[in-house]
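Chain and residue survey
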Amino acid sequence: MINIINMKNAPHNSPYSMEAKEVCTQLQISPDTLYAYVSRGIIRKIAHPQDGRRSLYHRHDFEKLLCKKKTGRSRSAVAASTISWGEPVLKSSITEIADEQVFYRGQNAVDLAKSFKFEQIFELLLGEAFRAPPPEVNRYVLQQINQDWPPINRLMAMLTHEAATLGSAGRVQTARRLLRQSAMVIAGTVEDYMDYDIAELLAKHWHIAKHGDDILNQALILCADHELNASAYAARVAASAKANLPASLLAGVTTLTGDAHGGMTTLAREWKETAQMSQMNGEEPPILASGQTPPGFGHPFYPNGDPRALALIDVCGSPSDWISLKTSVFEKTGKTPSLDFGLALVEEHLGLPVGSGLGLFALGRMAGWMAHIFEQRKKGKLIRPRAIYAGKRHKVTAANA
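Residues numbered from 1 in each chain as written. Predicted model: local features only at pLDDT ≥ 70, side-chain atom pairs only at ≥ 80, totals over all residues. Heavy atoms only, no water.

**Looking at the overall build of the protein chain**
The number of helices and strands found in the protein chain is 18 helices and 7 strands. Taking 21 Å as the expected radius of gyration for a compact globule of 401 residues, we find that the protein chain reaches 23 Å, a close match to that expectation. With respect to the principal axes defined by its C-alpha atoms, the protein chain has extents near 65 × 65 × 60 Å. Of all 401 residues assigned to the protein chain, the portion counted as buried reaches 47%. If you take every contact in the protein chain between residues at least 6 apart in sequence, the share linking residues at least 24 apart comes to 71%. On the protein chain, the mean spot of the 45 positive side-chain charges and the mean spot of the 39 negative ones are 12 Å from each other. (Helix = DSSP H or I, 4+ residues; strand = E, 2+ residues; numbered from the N terminus. Rg over C-alpha atoms; globule rule 2.2 N^0.38 Å. Buried < 20%, exposed > 50% of the residue type's maximum accessible area, 1.4 Å probe, protein only. Contact = heavy atoms within 4.5 Å. Lys, Arg positive; Asp, Glu negative; His and termini not counted. Charge placed at Lys NZ, Arg CZ, Asp CG, Glu CD.)

Below is the structure:
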């Protein structure tokens, strides 16, 4: 967990005296690894008193790391440390999480969401300029999907069909078609309006009032990527094995549905409704009474608040009932909202069909998944970790012995 201390409150003889370059040089690590150490609470940092863009690192924490490094670490120990919120396991030029902010290709994601269209951010993440008009969607596939299914189920069905039938279509054009086709699937429509951007298309089919498309646009952009999360890693693994584009995307979508990932959005919406009912009855919301953290709160990278969630709360007008719950959770647990909380709010605020928050999450994240898939393809390497066998070996004996 990142620990940033206000320099004005630090003692005169503060142990925060080392700069990033010195720490990296002496530990022989990259800046990415140093950030991973900070995010896991292994080494603490504060803002530099003369330059807010720089940081100072805790010397005692550094010395502990140096001592551990001198004793040596086995390859298996290093590998194990990458599994859960661990050290960087591959290089990427797509997204950076630093100082509790998210940056797409070096630009602040929250700022981008306020000024650009989702399609432009898709272009930015891919690193490709769209010169040709978007291709027509596959209407046959859209017509086969059961519209009574939840949005995320419809998306998985569409990608499954595409994975089984996709030929050798061009990379960027196929990506653009699949993204727009996915928007139509999430919205639950087979009618396309080529003059509408994706956020406008969603707003039209969901009959959202004026300015609602801006909220949808910002939500899609803020969902677009988040470094090497579970779903992005799953998509990269599939791409490294040379699965086609929709198959690789399907790996990302199915991973996102898990309750420890994007599925948390639905849980956050359900919990909010239950908690609000409890408050109306003069009772303490469930989970909070036991001191547990409710769904949609407490992202390890953002102890001071997920900037994506805070941006969505702001663009939705900071509804008093959601702010009240946010305050109650913080007072009881010290935890702040995550993106899932923000998407649950967007779903309710705009009156979207149930499950649309998770659908928005998947649609927005598809932009990032595609960028990761193409980046991994360029590397041309299979992602194939090793396992440490934890069982016992047994001598083979005859079945009837």
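Anyway, onward from the coordinates.
**As for the packing of aromatic side chains**
Enumeration according to the criterion identifies 6 aromatic pairs in this entry. Taken together, a centroid distance of 6.4 Å and an interplanar angle of 75 degrees make the contact between Trp271 and Phe297 edge-to-face. With Trp271 in helix α14 (residues 264-280) and Phe297 in the loop between α14 and α15 (307-315), this residue pair connects regions lying 26 residues apart in the sequence. Both residues of the pair, Trp271 and Phe297, count as buried. Here a set of aromatic residues connected by ring pairs shows up, and it is made of Trp271, Phe297, Trp322 and Phe341. Seen from the ring of Phe374, Arg171 lies directly overhead, with NZ or CZ sitting 4.6 Å from the centre. Its guanidinium or amino end placed over the ring of Tyr193, Lys204 lies 5.0 Å from that ring's centre, counting from NZ or CZ. (Phe/Tyr/Trp six-rings, centres within 6.5 Å; stacked < 30°, edge-to-face > 60°. Lys NZ or Arg CZ within 6 Å of the ring centre and 35° of its normal.)

**So, the packing of helix α11 (residues 212-223) against helix α18 (residues 356-379)**
Interaxial distance between α11 and α18 falls to 7 Å at its minimum, and their mutual angle equals 60 degrees. On the basis of their axis angle, the class for α11 and α18 is oblique. The two elements α11 and α18 cross, and the hand of that crossing is right-handed. For the pair α11 and α18, the contacting residues are Leu216, Leu220 and Cys223 in the first and Leu360, Phe361, Leu363, Gly364 and Arg365 in the second. (Axes fitted to C-alpha atoms, helices over the stretch in contact; angles between N-to-C directions. Parallel < 35°, antiparallel > 145°, perpendicular 65-115°, else oblique. Left-handed = near helix turned anticlockwise from the far one by under 90°.)

**Regarding the confidence of the model for the protein chain**
Residues with a pLDDT of 70 or more make up 90% of the protein chain, whose mean pLDDT is 88. Averaged pLDDT values over the elements of the protein chain bottom out at 33 in strand β1 (residues 4-5) and peak at 98 in helix α5 (residues 109-115). In the model, residues 1-12 has pLDDT below 50 throughout and makes 26 contacts with residues more than four positions away in sequence or in other chains. (pLDDT = per-residue confidence, 0-100.)

**Comments concerning the pairing of strand β5 (residues 95-98)**
Where β5 meets strand β6 (residues 101-104), 4 bridges bridge the pair, whose relative direction is antiparallel. By the bridge assignment for β6, Ile97 is matched with Val102. The loop that links β5 with its antiparallel partner β6 comprises 2 residues; one of these, Asp99, has a positive phi angle of about 50 degrees. (Pairing = 2+ DSSP bridges.)

**Considerations on the sheet that holds β6**
In spatial order, the strands read β5-β6-β7; together these 3 strands make up an open sheet with antiparallel pairing. Pairing within the sheet leaves two strands with one partner each, and these edge strands are β5 and β7 (107-108). Pairing of β6 with β7 involves 2 bridges; the strand directions are antiparallel. For Tyr104, the partnering residue across the bridge sits in β7 and is Gln107.

**Observations concerning unusual backbone geometry**
Backbone geometry places Lys242, a non-glycine residue, at a positive phi of 70 degrees. Within the secondary structure, Lys242 sits in the loop between α12 (230-240) and α13 (245-256).

**As for the environment of Met366**
Residue placement: Met366 occurs in helix α18. Using a relative accessible area of 0% as the deciding quantity, one classes Met366 as buried. Sequence spacing of Met366 and Leu178 is 188 residues, and the spatial spacing of their C-alpha atoms is 9.2 Å. Setting aside chain neighbours within four positions, we find Met366 in contact with Leu155, Leu159, Leu178, Leu179, Ser182 and Leu249.

**Overview of the nonpolar core**
Taken as a class, soluble globular proteins show a tendency for nonpolar side chains to be buried jointly. Membership of the largest hydrophobic core comes to 89 residues, with the highest contact counts inside it found for Tyr104, Leu155, Leu202, Leu216, Leu249 and Met370. By size, the runner-up hydrophobic cluster in this structure holds 13 residues, among which are Met18, Ile29, Leu34 and Val38. (Core = buried A, V, L, I, M, F, W, Y, C linked by side-chain atoms within 4.5 Å.)

**Focus on the pattern of salt bridges**
Side chains carrying opposite charge are able to pair once their charged atoms draw close together. Across all of its chains, the model carries 17 salt bridges by this definition. Residue Asp321 is joined to Lys272 by a salt bridge in which the shortest nitrogen-to-oxygen separation is 3.0 Å. On the criterion of sequence distance, the pair formed by Asp321 in helix α16 (residues 320-333) and Lys272 in helix α14 is long-range, its members being 49 residues apart. Among the charged side chains, a network of salt bridges with common partners joins Glu19, Asp51, Arg53 and Arg54. (Salt bridge = Lys/Arg side-chain N within 4 Å of Asp/Glu carboxyl O.)

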